[in-house]
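Structural description and commentary
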Amino acid sequence: MSRSAAPDPTRMQHLLWVIACLAMAAAPHLPGVPLWIILFTASSAAWRLTVESLRWRLPPTWLRSLIAISAMLGVFVTYRTLNGLEAGSAFLVVMGGMKLLETHSRRDLTVVLFVACFLLFATFLYNQSLLRLPYMLGSVWLFALTLLRIHQREPMPVREALRGTGRMLMQAIPVAVLLFLFFPRLPGQFWAMPARSKATSGLSGDMSPGDVSELSLSDEIAFRVKFTDGPPRPEQRYWRGPVLHDFDGVTWRMAKVGYLERGVTALGPSYEYRIVLQPHQRNWVFALDAVTRWPSTTRRNFDYQLLANEPIATLSSFKLTSSPVYRVDGDLPRALELTTLRLPPQRNSRSLALARQLRAASGSDVDFIRAVLAKFRNEKYYYTLEPPRLQLDSVDDFMFNTRRGFCEHFASAFTVLARAAGIPARVVTGYQGGEINPMTGYIVVRQSDAHAWSEVWLPPQGWVRVDPTAAVAPERVERGRQGTLIDNEPATRRLFGELHALLQLRRTWDAVNTFWNDQVVSFSQAQQQSILERLGLQDTDWRALGIALILSLAGFFTALSLWLAWRFRPHNDDAVARAYQRLCRKLARRDLERAAHEGPNDYLQRVAAQQPQLGAAVGEIRELYIGLRYGPNPQNTQLRRLKIAVRQLRV
Amino acid sequence: MRRLRSKPRSRASPGRRTRFTSRVLDWLRLRTRTWARRRHGVDPDPIVLSGRRIYIVPSRLGLTYALMLFAMFMGAMNYANNLALGLTFLLGSLGLVAMHYCQRNLAGVRVASAACEPVFAGQQASFRIALENAAPLPRHELTIGNDHGSAAPVGVAAASRSVLEIKMPAPRRGYLTLDQFEILTRYPFGMFRAWAHLNLQVRCIVYPKPSDSRIPPPPLETDTGGPQDHARGDEDFAGLRGFHPGDSPRHIAWKAYAREQGLHVKVYAGTAVTSHLFDWNRLEGLDIEERLSQLCRWIEDAHAAGHAFGLRLPNNEVPPNIGPAHRERCLTALALFNLESANPESANPGSANADAAPASRKSA
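Residues numbered from 1 in each chain as written. Chains lettered and ligands numbered in written order. Predicted model: local features only at pLDDT ≥ 70, side-chain atom pairs only at ≥ 80, totals over all residues.

**Regarding the overall build of chain B**
A count of helical and extended segments in chain B gives seven helices and 19 strands. Within chain B, the proportion of its 364 residues that are buried is 39%. Taking the contacts inside chain B whose residues are at least 6 apart along the sequence as the reference set, 71% of them involve residues at least 24 apart. (Helix = DSSP H or I, 4+ residues; strand = E, 2+ residues; numbered from the N terminus. Buried ≥ 20, exposed ≤ 12 C-beta atoms within 10 Å, placed from the backbone. Contact = placed C-beta atoms within 7 Å.)

**Examining the environment of Arg329(B)**
All names here are of chain B. Considering the arrangement of structural elements, one finds Arg329 in helix H6 (residues 324–335). A count of 15 C-beta atoms within 10 Å places Arg329 in the partly exposed class. For the pair Arg329 and Val318, spaced 11 residues apart in the sequence, the C-alpha separation amounts to 8.3 Å.

**Description of helix H9 (residues 349–361) of chain A**
For H9(A), with 13 residues, the first-to-last C-alpha span of 18 Å sits near the 18 Å given by 1.5 Å per residue. As for H9(A), its buried residues are in contact with helix H10 (365–378), helix H11 (394–402) and helix H12 (407–420) of chain A. (Expected span 1.5 Å × (residues − 1).)

**Observations regarding the confidence of the model for chain B**
Residue and element names in this part refer to chain B. Summary statistics for chain B give a mean pLDDT of 80 and a share of 82% for residues scoring 70 or more. Least confident of the elements in chain B is helix H7 (residues 344–347), whose mean pLDDT is 42; most confident is helix H3 (residues 82–106), at 94. Residue range residues 1–15 is modelled with pLDDT below 50. Its contacts to residues more than four positions away, or to other chains, number 16 contacts. Of the two predicted TM-score estimates for the complex, the pTM is 0.72 and the ipTM is 0.73. (pLDDT = per-residue confidence, 0-100.)

**Some points on helix H2 (residues 35–54) of chain A**
Every α-helix carries 3.6 residues per turn, so stepping three or four residues along brings you back to the same face. Residues and elements named next belong to chain A. In a regular helix each residue adds 1.5 Å, so 20 residues correspond to 28 Å; H2 covers 28 Å between its end C-alpha atoms and thus fits that length. Among the residues making up H2, those that are buried are Ile37, Phe40, Thr41, Ser44, Ala45, Arg48, Val51 and Glu52. All buried residues of H2 project into a common sector of 125° when viewed along the axis, lining one side. For H2, exposure combined with an orientation more than 90 degrees from the buried face picks out Leu35, Leu39, Ser43, Ala46, Thr50, Ser53 and Leu54. Against helix H1 (9–26), helix H3 (61–79) and helix H4 (85–100) lie the buried residues of H2. (Arc of directions from axis to C-beta.)

**A look at the domain arrangement of chain A**
When the domains of chain A are assigned, the result is domain 1 (9–155), domain 2 (220–498), domain 3 (530–567) and domain 4 (575–648). Relative to domain 3 of chain A, the C-alpha centre of domain 2 of chain A lies at a distance of 53 Å. (Domains from an automatic or database assignment.)

**Comments concerning the interface of chain B and chain A**
Between chain B and chain A, the contact holds 40 residues from the first and 47 residues from the second. For the side of chain B that touches chain A, the secondary structure elements donating two or more residues are helix H2 (60–78), H3, strand S6 (139–146) and strand S8 (154–156) of chain B. The element contributing the most residues to the side of chain B that touches chain A is H3(B), with 17 residues. Its residues assigned to classes, the side of chain B that touches chain A comprises 27 nonpolar, 10 polar and three charged. (Nonpolar A, V, L, I, M, F, W, Y, C, P; charged D, E, K, R; others polar.)

**Topic: the pairing of strand S15 (residues 425–432) of chain A**
Residues and elements named next belong to chain A. Counted residue by residue, S15 has eight buried out of eight residues, so it is predominantly covered. The pairing of strand S3 (residues 238–247) with S15 spans five bridges and is antiparallel. Looking at the pairing, Trp239 lines up with Tyr431 of S15. As defined by bridge partners, S15 adjoins strand S18 (residues 450–458) across seven bridges and the pair is classed as antiparallel. Considered in S18, the bridge of Thr429 is made with Ala452. (Pairing = 2+ DSSP bridges.)

**Structural notes on the pairing of strand S10 (residues 174–178) of chain B**
Residues and elements named next belong to chain B. Most of S10 sits out of view: five of its five residues are buried. In this structure, S10 lies alongside strand S13 (residues 202–207), joined through five bridges in antiparallel fashion. From the neighbouring strand, Tyr175 faces S13, where its bridge partner is Ile205.

**Observations regarding the confidence of the model for chain A**
All names here are of chain A. Taken as a whole, chain A shows an average pLDDT of 83; of its residues, 90% reach a score of 70 or greater. Taken together, the stretch residues 1–5 has pLDDT below 50 and engages in five contacts with residues farther than four places along the chain or on a different chain. In this model, residues 482–493 is a region of pLDDT below 50 whose contacts with residues beyond four sequence positions or in other chains number 10 contacts.

**Considerations on the nonpolar core**
Counting 134 residues, the largest nonpolar core has Val94(A), Ala116(A), Ala84(B), Leu94(B), Ala98(B), Ile183(B) and Leu334(B) as the members making the most contacts within it. The element that contributes the greatest number of residues to this core is H3(B), accounting for 14 residues. What Ala116(A) contacts, discounting residues up to four positions off in sequence, is Cys21(A), Leu22(A), Ala25(A) and Gly96(A). Residues Ile221(A), Val225(A), Tyr383(A) and Phe398(A) belong to the second largest nonpolar core, which totals 74 residues. (Core = buried A, V, L, I, M, F, W, Y, C linked by C-beta atoms within 7 Å.)

**Some details on the sheet that holds S15(A)**
The antiparallel open sheet is built from six strands, whose spatial order is S1-S4-S3-S15-S18-S19 (chain A). A single partner strand is all that each edge strand has here, and the edge strands are strand S1 (206–207) and strand S19 (462–466) of chain A.

**Examining unusual backbone geometry**
Following Asp45(B), the chain continues into Pro46(B) via a peptide bond in cis, with omega recorded as 0°. Position of Pro46(B) relative to the elements: it lies in the loop between helix H1 (19–40) and strand S1 (47–48). With phi around 55°, Asp591(A) is a residue other than glycine that occupies positive phi space. If you trace the backbone, Asp591(A) turns up in the loop between helix H19 (575–588) and helix H20 (600–610). We classify Asp591(A) as exposed; it has 7 C-beta atoms within 10 Å.

**Thoughts on the sheet that holds strand S4 (residues 119–120) of chain B**
Hydrogen bonds along the backbone pair up the strands of a sheet, which may run parallel or antiparallel. All names here are of chain B. Spatial ordering of the open sheet is given by S4-S13-S10, a layout of three strands whose pairing is mixed. The sheet terminates laterally at S4 and S10, the two strands that pair on one side only. Against the sheet, H6 contacts S10 and S13, and its axis sits at roughly 95° relative to S13. (Axes fitted to C-alpha atoms, helices over the stretch in contact; angles between N-to-C directions.)

**So, the domain arrangement of chain B**
Residues and elements named next belong to chain B. On domain assignment, one finds that chain B holds domain 1 (3–207) and domain 2 (221–335). Counting residues at the interface gives five residues for domain 1 and six residues for domain 2. For the side of domain 1 that touches domain 2, the element with the most residues is S13, which contributes three residues. A class-by-class count of the residues in the side of domain 1 that touches domain 2 yields three nonpolar, one polar and one charged.

**Quick look at the packing of H9(A) against H11(A)**
Residue and element names in this part refer to chain A. Axis separation between H9 and H11 bottoms out at 7 Å; the angle between their running directions is 65°. One finds that H9 runs roughly perpendicular with respect to H11. Taking contact as the criterion, the partners of Arg350, Ser351 and Leu354 in H9 are, on H11, Val395, Asp396, Met399 and Phe400. When the residues that make up the contact of H9 with H11 are grouped by side-chain class, the tally is four nonpolar, one polar and two charged. (Parallel < 35°, antiparallel > 145°, perpendicular 65-115°, else oblique.)

Next comes the structure, spelled out in structure tokens:
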């Protein structure tokens, strides 16, 4: 029963098309899907193709069930759930593979296609970047092509099928755009967006400077910021992320408990801005330090980090106000003071001794801080993106031995020294800098702008930011990492100079992406309203929207229908006959209808007899027609003359 | 009312649907067909399918597709994910565009009946239907079907035609009328099914079923009573046989040719002609259908053996002759025996009941 009775040459092709669709839809998921699932689905496809080409039997039902159950269990074990976006899409990939193993009818093939559709759908939940749009169009084209082919008994040439489905797709696009623009949107969500388990931020929430010295050099954009009236100076652009309080000698971690909150008072100008965050699956909002006004969808932590209520799983934007210069109200809570002074016992003893010695030599805490920064600046400490690994006592190893590191190393060392000197201190991670794109006015902050700095508690102001990296590589802070690398490596600078055009290209690309994010990805009810207002429709509710939508769709489809009818109109290839028919119609309007029995000769002679004033013209037409039809050597000029004569005939 | 109706469609995959839904669907199908038949009456032959003849509904695949789109729509709306929403809208509008292509693929097709070979009762009659495409674009995946199955889908190239065959059981002798069938297409994606009910009243002659009984045929008789002589001669006309290249043109039966019975050659026998005479009145003790059936058997046997034969019915007599045209004439006489004068509509075994005639005929 499972064996195909008659080998069907088109079936192999159908399978290949469907597998191509599945592969196209699954490809964007591959980086996030475990290897065994990819292998499972790929080998299912290979097995199915082998079965088809060698005309084996399909695997029996019990074996298929066994495979299905174990694959499902595998997904469950891998993800500990079948719910959620990642497990869900992994499950879909597995399902596509399983379904392939039992395809013998067209219906089974369409089921695989539908699985592929859902997979494609799921990719947009992860990522809505601009490049996904052509991918979507290409995939839908492939789907349409496949659907067409598996429903054809007589396969048409691929080129014709491509053209046909391409045309349909082109006609579907305006309809989709209309729907997109005018379909009534709902303001809220029914259920929350499942976050991915894997965070994609350049920041991790903890920091181990001695560890594998990897650093996010990715040029991926972390967020974009637009200031209402001009941005703050570059050295003030510190975007606050997780604040790390606990240090165990190797790793800095966020505080596990909350502390009493102290407000801040702005001492300088306030900046109003909108921040548009790329999804990174954490609820960190990288507000400019320190945020003073924030929407209700976010809250400010005791350490002044701004947290969204939900993980940022989609492109999200917030309207915030910050003051780069500020003062903390009140004193340091006792519990927090203890935390920010705590050091792991019996670790980094040389550094502790150094700190105590420096503190003793300095008149005040501020002097001590200056002394430490001067040490970093004047002695041979180097800023590098590829520092050596550190020993267990990482601060000692860094301070006295390797002396090379990037922001994390300096921030960690500085904080440890400050704590040892009895100054409450902590590490702040986040981003620093950002590049202004003059085309959009947005400041673009990339993953490579990730940074770490220190904060120390100095009584009158409260928490004061100290960036030890700035002591070593001040340009890192003023111009961002790009600048640092340029100055350190002349070759790169030259390259960049030559590649000014490339920079321009990058900015343009960013501008296009910003437009995409603002106008398409975050298209909402509000933008819908503004479009309608621009169209002159005030105060529209969803009913009016629905009616307008239905009317415009009806208009479009009427046009499509007419166009199709026109394309399918019966066609007469015979130009001579067409001209003659036109003549007959013209004469019929003057009650000179051709009788059924009359040939052209008789008819036109009768016309000439009844309407002598037409005699000459009709006589010429008659001659031309007979010459074209029965003459020995019909000429194109005759045909042209016939057409003109018929057109010019005045009846 | 029509007997065919109670029969569930063999095409519908059995066991997939429950009996109930299957019944509901059959009932719905029947209602629409009856309604369409009342609305359109008997169609002219040939007919060009106009837009108003064509019905279109989503197929099961289309409904599943819609369901999938709905799920995607809910997801995209919920997550306010505009790209996912865009995909949903794109797929949805692709379906709607495909619907128009599906309808247009059928509209404007010219349907005409083509020749239908006579069959014996109990066999399947094949009606041949020509689909003509006058458009400058090809049409794809057109098929015709009725309750007894459907033809394999074919494409019709621009300005050309394809001939499809549709089967219908011929249970009884007489005229078998293909009084309804549908022309349908699922092009391009199988998501929609566009179809038109057609009633071209295509007729096919059904001969009586040859009897299985072994009643011997009446012996060969000679017309003149002289000795049997198979030798060829040129004295008496003995009948016709099919033309072979090389036959003398003088012997061609031009009259038969003029009657469009094909090209035959007159055969002359020597002194005498032998033939069977199959006589209705000889078959006493049998009822009408049995007699016809027996006569049919004899005619087939005699034709196969190449013997000349004549047929005598109560109201009709066919003089002895040979050849396929003669056989056809005799068998047709048997098929239409006692039906000739009757209204072909009610003689149609496929719609024997009184209410089968269309209630209202629209002028074409």
